[in-house]
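Below are the chains, spelled out letter by letter.
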Amino acid sequence: MIEFRAPDRAGGLPMSRRQRGNRTGDGKRETAIAVIGAGFSGTLIALHLLRRCPGNVVVHLIERNRRFGRGLAYSTGNPNHLLNVPAGRMSAFSDRPNDFVEWLRHEGPEEQRDSGAASFVQRTVFGHYVRHLLNDELKSAGKQRLVLSRGEAREIEVTPRHVALRLDRDREIAADIAVLAIGNFPPEAPRIADPGFYDTPFYRPDPWASDTLSDLDPAAPVLLIGTGLTMIDMAVSLLDQGHVGPIHAISRRGLLPHRHAPTRSVSLLDRPLPTAMPALLRFIRAEVGLAERQGYDWRAVVDGLRPALQDVWQSLSEPDRAVFVRHLRRWWDIHRHRMPAATAERIERARRDGRLHIAAARIADFQVRDGAVDVVTNGGGTPHSIVRVARVINCSGPGCDYDRIREPFVRSLLEQGHVRPDSLRLGLDVTPQCALRNERGEISRRLYAVGPVTKAAFWEMTSVPDIRRQCELVAGNIAGLASLMEAQRAAAN
Ligand SMILES: Cc1cc2nc3c(=O)[nH]c(=O)nc-3n(C[C@H](O)[C@H](O)[C@H](O)COP(=O)(O)OP(=O)(O)OC[C@H]3O[C@@H](n4cnc5c(N)ncnc54)[C@H](O)[C@@H]3O)c2cc1C
């Protein structure tokens, strides 16, 4: 691995300083893997790579934010933003399912130490856990093998022999393989008659930005676009900061996530699963009917399907996947990605008290008039205004259509043809082994991706239990490739 480090301007190092580093004591070049993004996915793949790769492989973990290991989901400072998966399923390692619960018991915050496997703990606490794993790895692997680099990846150059990664402040890292773990992006804005509205101060495009709720009159009406878990987070934040004005939330169907409730686990492993859409729907309905007759509910069936979901998705035809994304996705999401009961109770109370209004509506336009925004919807064919608000916040969930993501790194990857969006606009086009396909569909031997970026190939690649398994498998594959590269290099010397 060769690392070129440009000067730290503030520190005044010489402009042309080029560091040739990372050679072993006997002068051999080391293999380097660059992981871009240190949220849950990037951190986990880095840990698994270090465990599986030969001892002289160096892993560079690159993150543009100060807080390594947290990513978007677990860097929230709000203690009422809870995990939407019970603690017992949030271990970072599939072969040590109690790891998170054990960590909580011994090293978690005092007041959460007794949280059991069924509890929904604060997301910020999970962020501490991931960071703790990273610190442990730094201690055991050493800073020579695991290099944390703070910076934003801007561009990649792929040659037959290596990958050159350009970061902000003119820095460059050269590696043999790069893994994209760039995660979740701000939501896509609805297509409206006058997109100029999106440049006005009434609109907040990123629900996770620190200024989304700042300078907001607590009595002002607010519109949240979307009625899924991102909207739930935002409604909780508004209630927490004492917002008393009406909160409106709109989506095309007005569907809210269901709540978690205790359920029996049901195994569907002994039944063959259909791989065509109508038969699959009949199968699920029949299983739900059976579950209800036996005294438990649909949650058991949805959870029971989890181990087979990726196989089912990969077996569906392209048209069936498109039908699912277009017509069934929202229903699936509200059953599969549920709210903790404590959150659901708050949301229900806010609705009963007339503070939160959920509506099914399709947004046609926003019109700014007299210092407020009229929300124009398309209901029953005729445009009409349903509500006046002081702020519009896009909470429609992470954006995954890469053609609409404006991040410089993503734009550059697409423009240079290193990657291409998948046909359903769910993420990037990857193989089942998570190798990225370039603009011509060819399979890269040097670029890989993990996490939500790969959703198109697996469908469920959003939450921790799925991502941890993926990171284990992909790290195994990349480790094999790294060994091969080492062997080829040795043979060439
Ligand atoms: C608000 C929210 C709450 C969630 N809650 C849960 C939950 O309770 N339980 C659960 O199982 N799942 C939850 N999820 C699902 C979540 O997607 C996964 O659990 C997981 O956190 C995804 O991690 P990631 O690392 O892939 O993505 P992210 O967390 O988005 O991390 C990506 C990282 O890459 C960095 N990055 C991006 N581009 C660059 C670049 N060019 N250069 C350098 N760094 C870059 C970003 O700064 C970021 O830190 C939640 C998701 C969201 C959005």
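Bear in mind that the values here come from a model prediction, so they are computed numbers and not experimental data.

Asks: Got a sec to walk through the site of the ligand? Specific residues and values, please.
Replies: Around the ligand sit 33 residues, and of these S41, E63, Y74, N84 and V464 come closest. The separation between an oxygen atom of the ligand and a polar side-chain atom of S41 is 2.5 Å. With respect to the ligand, the backbone of A153 contributes an N or O atom lying 2.9 Å from a nitrogen atom. Starting from 990 Å² of accessible surface for the ligand in isolation, the protein chains cover 95%.

Asks: Which residues make up the sheet that holds strand β2 (residues 32-36), and what values do they have?
Replies: One open sheet accounts for 6 strands, arranged β4-β3-β2-β8-β18-β17; its pairing is mixed. Strands at the two margins of the open sheet, each flanked by one partner only, are β4 (146-150) and β17 (435-437). Here the strands of the sheet are splayed against their neighbours by 35° on average, with no regard to which way each runs. Across the sheet, helix α1 (residues 40-52) lies against β2, β3 (58-63), β4 and β8 (177-180), angled at about 175° from β3, the strand it touches most. The strands touched by helix α12 (residues 464-492) within the sheet are β2, β8 and β18 (443-449), with β18 carrying the most contacts at an inclination of about 135°.

Asks: How would you explain helix α4 (residues 229-240) if you had to name every residue and give the values?
Replies: Relative to the 16 Å expected for 12 residues at 1.5 Å per residue, α4 spans 16 Å between its end C-alpha atoms, a close match to the ideal helical length. Of all the 12 residues making up α4, 10 are buried; the element is thus mostly covered by neighbouring parts of the structure. Where α4 is concerned, the buried positions are T230, M231, I232, D233, M234, A235, V236, S237, L238 and L239. Close packing links the buried residues of α4 with α3 (123-141), β10 (222-225), β11 (247-251), α9 (341-352), β12 (356-360) and β16 (391-394). Once α4 ends, the next one or two residues include G242, with phi positive near 75°.

Asks: Describe in detail the packing of aromatic side chains, supporting the description with residues and values.
Replies: For the coordinates displayed, the defined rule picks out 16 aromatic pairs. Within the aromatic cluster, the residues linked to one another by ring pairs are F40, Y74, F100, W103, F126 and Y129. Here the guanidinium or amino end of R96 rests over the ring plane of F93, the centre of that ring lying 4.3 Å away.

Asks: Run through the pattern of salt bridges, naming residues and quoting values.
Replies: Scanning all chains against the criterion turns up 30 salt bridges. For the salt bridge of E155 with R166, the shortest nitrogen-to-oxygen distance reads 3.3 Å. One end of the pair, E155, is in strand β5 (residues 153-158); the other, R166, is in strand β6 (residues 163-167), with 11 residues separating them in the sequence. Here R166 falls in the partly exposed class, since its relative accessible area comes to 26%.

Asks: Describe the packing of α1 against α12, listing the residues and the values that go with them.
Replies: Closest axis-to-axis distance for the α1/α12 pair is 8 Å, and the angle between their directions is 40°. Classified by the angle between their axes, α1 and α12 sit oblique to one another. As for the relative orientation of α1 and α12, their crossing is right-handed in sense. Contact residues: F40, S41, L44, I45, H48, L49 and R52 in α1; V464, I467, R468, C471, E472, V474, A475, G476, I478 and A479 in α12. When the residues that make up the contact of α1 with α12 are grouped by side-chain class, the tally is 11 nonpolar, 3 polar and 3 charged.

Asks: Describe the domain arrangement of the chain, and please don't skip the residues or the numbers.
Replies: Size of an interface, as often reported, equals the accessible area lost when the parts are brought together. Assigned domains of the chain: these are domain 1 (3-81 + 122-185 + 400-492), domain 2 (195-258 + 338-394) and domain 3 (277-336). Once you take the C-alpha centre of each, domain 1 and domain 2 turn out to be 35 Å apart. Contact with domain 1, which involves 6 residues of that partner, is made by 6 residues of domain 2. Across the domain 1 to domain 2 interface the summed buried area is about 520 Å²; carbon plus sulfur atoms make up 45%. Of all residues in domain 1, the largest losses of buried area upon contact with domain 2 belong to L72, N80 and H81, amounting jointly to 67% of the total for that side. Our count for the contact surface shared by domain 1 and domain 2 stands at 1 salt bridge.

Asks: Could you give an account of the environment of G42, naming the residues involved and the relevant values?
Replies: By secondary structure assignment, the location of G42 is in helix α1. For G42, a relative accessible area of 0% translates into the label buried. Sequence separation between G42 and Q488 is 446 residues; the distance between their C-alpha atoms is 27 Å. Setting aside anything within four residues of it in sequence, one finds G42 in contact with V35, G37, L61 and A181.

Asks: Could you give an account of the pairing of β11, naming the residues involved and the relevant values?
Replies: With 5 of its 5 residues buried, β11 lies for the most part within the structure. Side chains I247, A249 and S251 of β11 all project onto a buried face; the interleaved residues H248 and I250 project onto the opposite face, where all are buried too. Following the chain from β10 across α4 to the adjacent parallel β11, one finds a crossover that is right-handed. One ladder, built from 5 bridges, connects β11 with β12; its direction is parallel. Considered in β12, the bridge of S251 is made with A360.

What counts, and where the lines are drawn
Residues numbered from 1 in each chain as written. Predicted model: local features only at pLDDT ≥ 70, side-chain atom pairs only at ≥ 80, totals over all residues. Heavy atoms only, no water. Near = heavy atom within 4 Å. Polar contact = N/O pair within 3.5 Å; in protein donor to acceptor, adjacent residues only side chain to side chain. Areas by Shrake-Rupley, 256 points an atom, 1.4 Å probe, with all protein chains shown as cover. Pairing = 2+ DSSP bridges. Helix = DSSP H or I, 4+ residues; strand = E, 2+ residues; numbered from the N terminus. Axes fitted to C-alpha atoms, helices over the stretch in contact; angles between N-to-C directions. Contact = heavy atoms within 4.5 Å. Expected span 1.5 Å × (residues − 1). Buried < 20%, exposed > 50% of the residue type's maximum accessible area, 1.4 Å probe, protein only. Phe/Tyr/Trp six-rings, centres within 6.5 Å; stacked < 30°, edge-to-face > 60°. Lys NZ or Arg CZ within 6 Å of the ring centre and 35° of its normal. Salt bridge = Lys/Arg side-chain N within 4 Å of Asp/Glu carboxyl O. Parallel < 35°, antiparallel > 145°, perpendicular 65-115°, else oblique. Left-handed = near helix turned anticlockwise from the far one by under 90°. Nonpolar A, V, L, I, M, F, W, Y, C, P; charged D, E, K, R; others polar. Domains from an automatic or database assignment. Buried area = accessible area lost by both parts, 1.4 Å probe. Right-handed = clockwise from strand over helix to strand, strands pointing away.

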